[in-house]
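# Structure assessment
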Amino acid sequence: MSNPVQISKEIDARGSFCPGPLMELIRAVKAANVGEVIAVLSGDPGSVKDIPAWVTKAGHKFLGMEDAGGEVKRFIVRKAR
Amino acid sequence: MKRILVLGGGTGGTLIANLLAKKLKNEAQITLVSASSRHLYQPGWLYVPFGWQDPRALSRSLKSLLNKRVQLEIGKVDRLDLPAQAVVLEEGNTLYYDYLVVATGSRVTPEDVPGLAEGAHHFYTEEAAWKLHAVLEEWQGGRIVVGVGGLPHKCPVAPLEFTFLLDEYLTRRGLRDKTEITYTYPINRVFSIESVAEVAEPLLKERGVKIETFFNLESVDPEKKLAISLEGSSLPYDLLVMIPPHRGAQFLEGSPIADAQGWVYTDRTTLQVKDYPNIYALGDTTNLPISKAGSTAHFEAPVIAEHIAAEIQGRAVDLQHASYNGKVTCFLETGYGKASILAFDYDHPPKPPAPSWLYHYEKMAFNKAYWYLVPTGVI
Ligand SMILES: Cc1cc2nc3c(=O)[nH]c(=O)nc-3n(C[C@H](O)[C@H](O)[C@H](O)COP(=O)(O)OP(=O)(O)OC[C@H]3O[C@@H](n4cnc5c(N)ncnc54)[C@H](O)[C@@H]3O)c2cc1C
């Protein structure tokens, strides 16, 4: 994998529509330890806007977004607090 | 004779049992199991906090709503025994089935958020709606925070409706300018469906309601009277009205047919449960990406009834009724005698019309006509 960071949990939210992927991410961040990196796979176009906006609002770090085949994108987040 | 077992005596369970009894005269034995002997009309609870509805008028005996061919068994399901095709009740008796329909709805779980049970009110049970009425009666002004404490929850628009009606109620009592109302929602708009948020947000602003989005409730401090979010914000309140998180029935949590929250793995068109072709699910208990609403159960029930009846009668399914397309219809009360309506399905988001008195009267009429039309399968 091309990611320099180590992803500790990847959530597959493909096929889940708004606000499914974001809510899945929120749940995972809640359960994670500070510093852990979480990835979420989403094919919902709304996620492109909603996920980075939530990560910023919640004070975590948005490490990026990459194509994961077709419409699906992988969003990578580090729990910062 | 084939045995059909329906779990749950709410909107979905009552309707499906009646539809099956109509379709399968003497060809099957239909039993409905319900934890309660009463059928509750939950949409009426919205009006209870304001004293606009008497909760006693919102329930009827379940037996009185059931077709005579449906056997009623009052008892709480303790667990499923899937290999034996059986359901075990808390009192210990076991019921066997050839076909099983799960319609045990959703339950509120305030215990999932620290401090929520002690610090907040809601109107998602008969008792809670009644308690909130007592508090509002005594209200003299201050800060009210209304919000959604977890997604998914049933009747997604109810918190918005409550906020609009609260504004009307306080205005009528001359307390609106002594009250600050804040509305919170977990994502970055006031409702999950964008087209609905676009209608609701300007209305909230017009009524002077403060909006706090991206507010995922993490805990409540009942002593300091603070609602604290995962995002790091905290809202002080004098009265907190929070829709608690929801889960499916307890016996489903951790069972092979459901996820950890007890939502049943359901096929979005046939409503069959994953890996169990003789088990179906409808209503709030499914994991479908569609609103948990009575109208959802209402549109789902004919599909399941057709599948089971066709199989028992050894005929092909009537294609017109064989698949569910995600249809839901919900009213949205906007206060001051007006409402809008949301009609949508899996592929078509709602386009809510401007609020008008007509939809409000339709909702009022429907609330009264429910008993004659919905559980019985007249419409
Ligand atoms: C305040 C409020 C307003 C609402 N407004 C609307 C509205 O305007 N329009 C709309 O369409 N929907 C509305 N709803 C939602 C609607 O009431 C539900 O979506 C609907 O009742 C779901 O039907 P159901 O059959 O899946 O579950 P329910 O009607 O909740 O029935 C579940 C049944 O299962 C039984 N049960 C549960 N666990 C067990 C067990 N372990 N063993 C045996 N039995 C069990 C219960 O006793 C109950 O009989 C509203 C809900 C609320 C709370």
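We now turn to the structure provided with this report. On a predicted model such as this, the values are computed, not experimentally measured, just so you know. (Residues numbered from 1 in each chain as written. Chains lettered and ligands numbered in written order. Predicted model: local features only at pLDDT ≥ 70, side-chain atom pairs only at ≥ 80, totals over all residues. Heavy atoms only, no water.)

On to the nonpolar core, then. Across soluble globular proteins, nonpolar side chains have a tendency to be buried as a group. The biggest cluster of nonpolar side chains holds 104 residues, and the ones touching the most others in it are W54 of chain A together with F123 of chain B. Of all the elements, helix α5 (residues 158-172) of chain B adds the most residues to this core, at eight residues. For this core, the two domains that each supply at least three residues are domain 1 (2-105 + 249-327) and domain 2 (109-245) of chain B. In terms of nonpolar packing, the next biggest core, distinct from the first, is built from 21 residues, L100, A258, V264 and A281 of chain B among them. (Core = buried A, V, L, I, M, F, W, Y, C linked by side-chain atoms within 4.5 Å. Buried < 20%, exposed > 50% of the residue type's maximum accessible area, 1.4 Å probe, protein only. Helix = DSSP H or I, 4+ residues; strand = E, 2+ residues; numbered from the N terminus. Domains from an automatic or database assignment.)

The subject of this paragraph is the pairing of strand β7 (residues 86-89) of chain B. Residue and element names in this part refer to chain B. With burial as the criterion, each face of β7 is covered, one bearing A86 and V88 and the other bearing V87 and L89. Once strand β6 (residues 77-81) ends, the chain turns through four residues before running back antiparallel as β7, passing Q85 with a positive phi of about 50 degrees. What sits between the antiparallel neighbours β7 and strand β8 (residues 94-96) is a turn of four residues, in which G92 has the positive phi angle 105 degrees. (Pairing = 2+ DSSP bridges.)

Let us look at the sheet that holds strand β17 (residues 239-243) of chain B. All names here are of chain B. In space, the four strands of this open sheet follow the order β13-β12-β11-β17, with parallel pairing throughout. In the strand order of this sheet, the two ends are held by β13 (210-212) and β17, each with one partner. Strand-to-strand twist in this sheet, taken as the mean axis angle between neighbours without regard to direction, amounts to 20 degrees. Looking at chain direction, strand β11 (residues 142-148) and β17 are connected through five bridges and run parallel. Paired with G147 across the bridge in β17 is M242. Across the sheet, α5 touches β11, β12 (179-184) and β17, and the angle it forms with β12 is around 175 degrees. (Axes fitted to C-alpha atoms, helices over the stretch in contact; angles between N-to-C directions. Contact = heavy atoms within 4.5 Å.)

All names here are of chain B. Looking at the ligand, there are 29 residues lining it, with G12, Q42, V77, D284 and G294 nearest. Residue S34 places a side-chain N or O atom 3.3 Å away from an oxygen atom belonging to the ligand. Within the backbone of A293, one N or O atom sits 3.4 Å away from an oxygen atom of the ligand. Coverage of the ligand by the protein chains reaches 90% of its 1,000 Å² of free accessible surface. Contributions of two or more residues to the shell around the ligand are made by α1 (11-23) and α7 (294-313). Across the shell around the ligand, the residue classes tally to 11 nonpolar, 14 polar and four charged. (Near = heavy atom within 4 Å. Polar contact = N/O pair within 3.5 Å; in protein donor to acceptor, adjacent residues only side chain to side chain. Areas by Shrake-Rupley, 256 points an atom, 1.4 Å probe, with all protein chains shown as cover. Nonpolar A, V, L, I, M, F, W, Y, C, P; charged D, E, K, R; others polar.)

Let's shift gears to the sheet that holds β8 of chain B. Adjacent strands of a sheet pair through backbone hydrogen bonds, lying either parallel or antiparallel. Residue and element names in this part refer to chain B. Read from one edge to the other, the open sheet built from three strands follows the order β6-β7-β8, with strand pairing classed as antiparallel. For this open sheet the edge positions go to β6 and β8, each flanked by a neighbour on one side alone. Geometrically, the sheet is characterised by an average inter-axis angle of 25 degrees between neighbouring strands, direction not taken into account. Pairing of β7 with β8 involves three bridges; the strand directions are antiparallel.

Let us now look at the interface of chain A and chain B. On the side of chain B, 16 residues touch chain A, which itself brings 14 residues to the contact. Summed over both sides, the interface between chain A and chain B buries roughly 1,300 Å², with carbon and sulfur atoms accounting for 59% of that surface. Looking only at chain A, the three residues that lose the most surface to chain B are M23, K30 and K57 of chain A, adding up to 34% of its buried area. Across the chain A-chain B interface, the total number found is three salt bridges. For the salt bridge of R189 of chain B with D50 of chain A, the shortest nitrogen-to-oxygen distance reads 3.8 Å. One can count four residue pairs in polar contact (both at pLDDT 80 or more) joining chain A with chain B. Elements with a contribution of two residues or more to the side of chain A that touches chain B: α1 (20-31) and α2 (47-57) of chain A. By residue class, the composition of the side of chain A that touches chain B is eight nonpolar, no polar and six charged. (Buried area = accessible area lost by both parts, 1.4 Å probe. Salt bridge = Lys/Arg side-chain N within 4 Å of Asp/Glu carboxyl O.)

Let us now look at the environment of V48 of chain B. Residues and elements named next belong to chain B. On the secondary structure map, V48 appears in the loop between β3 (38-40) and β4 (59-61). Sequence separation between V48 and D284 is 236 residues, and the spatial gap between their C-alpha atoms is 22 Å. If sequence neighbours within four positions are ignored, V48 has contacts with Q53, P55, L58, A129, W130 and H133.

A separate point is unusual backbone geometry. Residue and element names in this part refer to chain B. The omega torsion of the bond from L151 to P152 falls at -5 degrees, within 30 degrees of zero and hence cis. Of note, K225 is a non-glycine position whose phi angle comes to about 55 degrees, a positive value. Its place among the elements puts K225 in the loop between β14 (217-221) and β15 (226-229). The backbone of L271 shows a phi angle near 70 degrees, a positive value even though the residue is not glycine. Along the chain, L271 falls in the loop between β18 (246-248) and β19 (272-273).

The next point concerns the packing of aromatic side chains. Aromatic ring pairs are defined here through the distance separating the ring centres and the angle between the ring planes. All names here are of chain B. Within this structure, the stated rule accounts for 14 aromatic pairs over all chains. Geometrically, the ring pair formed by Y185 and F191 is stacked, given 6.3 Å between the ring centres and 25 degrees between the ring planes. The exposure class assigned to Y185 is buried, which follows from its relative accessible area of 1%. The buried category is assigned to F191, whose relative accessible area is 2%. Within the aromatic cluster, the residues linked to one another by ring pairs are F50, W52, F123, Y124, F162 and Y169. (Phe/Tyr/Trp six-rings, centres within 6.5 Å; stacked < 30°, edge-to-face > 60°.)

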